[in-house]
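Coordinate analysis (summary)
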Amino acid sequence: MRLRNIKGAREAMISSPYTVNEPAANKGKWAEFFGNSNPIRLEIGTGKGQFITALAEQNPAINYIGIEKYSSVLLRALQKQEVLQLPNLIFIRMEAEEIEDIFAQGEIDRIYLNFSDPWPKDRHAHRRLTSGKFFSRYDKILKKDGVVEFKTDNVDLFAFSLEEIPAAGWTLDKVTHDLHNDAAMNEGNIMTEYEERFSAQGNAICKLIASR
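Summary of the structure given here. (Residues numbered from 1 in each chain as written. Predicted model: local features only at pLDDT ≥ 70, side-chain atom pairs only at ≥ 80, totals over all residues. Heavy atoms only, no water.)

**Quick look at the pattern of salt bridges**
Applicable threshold: One side-chain nitrogen of Lys or Arg within 4 Å of one carboxyl oxygen of Asp or Glu is enough to make a salt bridge. Secondary structure elements are taken from DSSP: a helix is a run of H or I of four residues or more, a strand is a run of E of two residues or more, and numbering for both begins at the N terminus. The buried label goes to any residue with under 20% of its type's maximum accessible area, the exposed label to any with over 50%, and the partly exposed label to all in between, with areas taken from a 1.4 Å probe on protein chains only.
Taken as a whole, this structure holds 7 salt bridges when the rule is applied. For Arg137, the salt bridge is made with Glu100, and the minimal N-O distance between the two is 3.9 Å. Taken together, the positions of Arg137 in helix 6 (residues 132-141) and Glu100 in helix 5 (residues 99-102) put the pair 37 residues apart, joining distant regions of the chain. With a relative accessible area of 27%, Glu100 lands in the partly exposed category. Residues participating in the shared-partner salt-bridge network are Arg110, Glu149 and Lys207.

**Comments concerning the packing of aromatic side chains**
Keep this limit in mind: Planes of paired rings set the category: under 30 degrees apart is stacked, over 60 is edge-to-face and the rest tilted, where pairs are Phe, Tyr or Trp rings (Trp by its six-membered ring) whose centres lie within 6.5 Å.
Summed over the entire model, instances satisfying the criterion amount to 10 aromatic pairs. With centroids separated by 5.2 Å and ring planes inclined at 70 degrees, the aromatic side chains of Phe51 and Tyr112 adopt a geometry described as edge-to-face. Of this pair, Phe51 sits in helix 3 (residues 50-58) while Tyr112 sits in strand 4 (residues 108-114), and the two are 61 residues apart along the sequence. With a relative accessible area of 6%, Phe51 lands in the buried category. Take Tyr112: its relative accessible area is 4%, and that puts it in the buried class. Aromatic pair Phe135 and Trp170: ring centres 4.9 Å apart, planes at 85 degrees, arrangement edge-to-face. Of this pair, Phe135 sits in helix 6 while Trp170 sits in the loop between helix 7 (155-167) and strand 6 (171-176), and the two are 35 residues apart along the sequence.

**Focus on the pairing of strand 3 (residues 89-93)**
Short version of the rule: A pair of strands is labelled paired if DSSP reports no fewer than 2 bridges between them. Crossovers are described as right-handed under a simple rule: with the strands pointing away from the observer, the path leading from the first strand over the helix to the second runs clockwise.
The buried fraction of strand 3 is high, at 4 of 5 residues. Bridge count between strand 2 (residues 63-68) and strand 3: 5 bridges; the pairing is parallel. Within strand 3, the residue paired with Ile65 across the bridge is Ile90. For the crossover that starts at strand 2, traverses helix 4 (residues 71-84) and ends in the parallel strand 3, the hand is right-handed.

**Some points on the sheet that holds strand 1 (residues 40-44)**
So the rule is basically this: Note on geometry: axes are C-alpha line fits, over the in-contact stretch for helices, and angles between N-to-C directions span 0 to 180 degrees. In this description, contact between two residues means that some pair of their heavy atoms is separated by no more than 4.5 Å.
Across the sheet, which stays open at both edges, the 7 strands sit in the order 3-2-1-4-5-7-6 with mixed pairing between neighbours. Edge positions in the sheet fall to strand 3 and strand 6, since each of these pairs with one other strand and no more. Between one strand and the next, the sheet's axes are offset by a mean angle of 15 degrees, whatever the strand orientation. Bridge analysis of strand 1 against strand 2 gives 5 bridges, and the strand direction is parallel. What sits directly across from Leu42, in strand 2, is Ile65. Lying over the sheet, helix 4 contacts strand 2 and strand 3, oriented at roughly 165 degrees with respect to strand 3.

**Description of the environment of Glu163**
Mapping Glu163 onto the fold places it in helix 7. Spatially, the C-alpha atom of Glu163 lies 31 Å from that of Leu74, the residues being 89 residues apart in sequence.

Below is the structure:
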């Protein structure tokens, strides 16, 4: 994981105008931060930023926030944004567990989870971003009609998610085990770096959309 140890990555992230270093100060005030009343969408685990950057570029009337815990990975996303300078995209270096401290009730209208860490050991199930524990957090920050979109190539994690999400009181609106061969769900799909890599290896991509 060399990207986690790039020299100067943390300093570059802190000094970037496209990162928010004290995000808790904006809880309940993100519309004010962006200077408009446009919807705010959140990607948890932004990685190198290909997905969220493309979304922000295509949808200027929507605000996007990407969160990522590794400075050296986030640095790659910042480098893309420094070229594009999109006014509707910012990044936060933080742990996903802290989202309730950063966003107020109903402040987010959509959450994207892309190729999240599967945490394969049973004792770590609560750390999976599709666990009931995390969906209780999403419930607090999402608008009433908000949705969660999840993509993965990990069939075990997807199977876990298909059981865990309904058990948490959510509805599975759409499900596919082969996104790229599902014309309806693949329409407008933006691939992440991982998605490109896994697809090239012949792995099917699974996706679900959940709401309350």
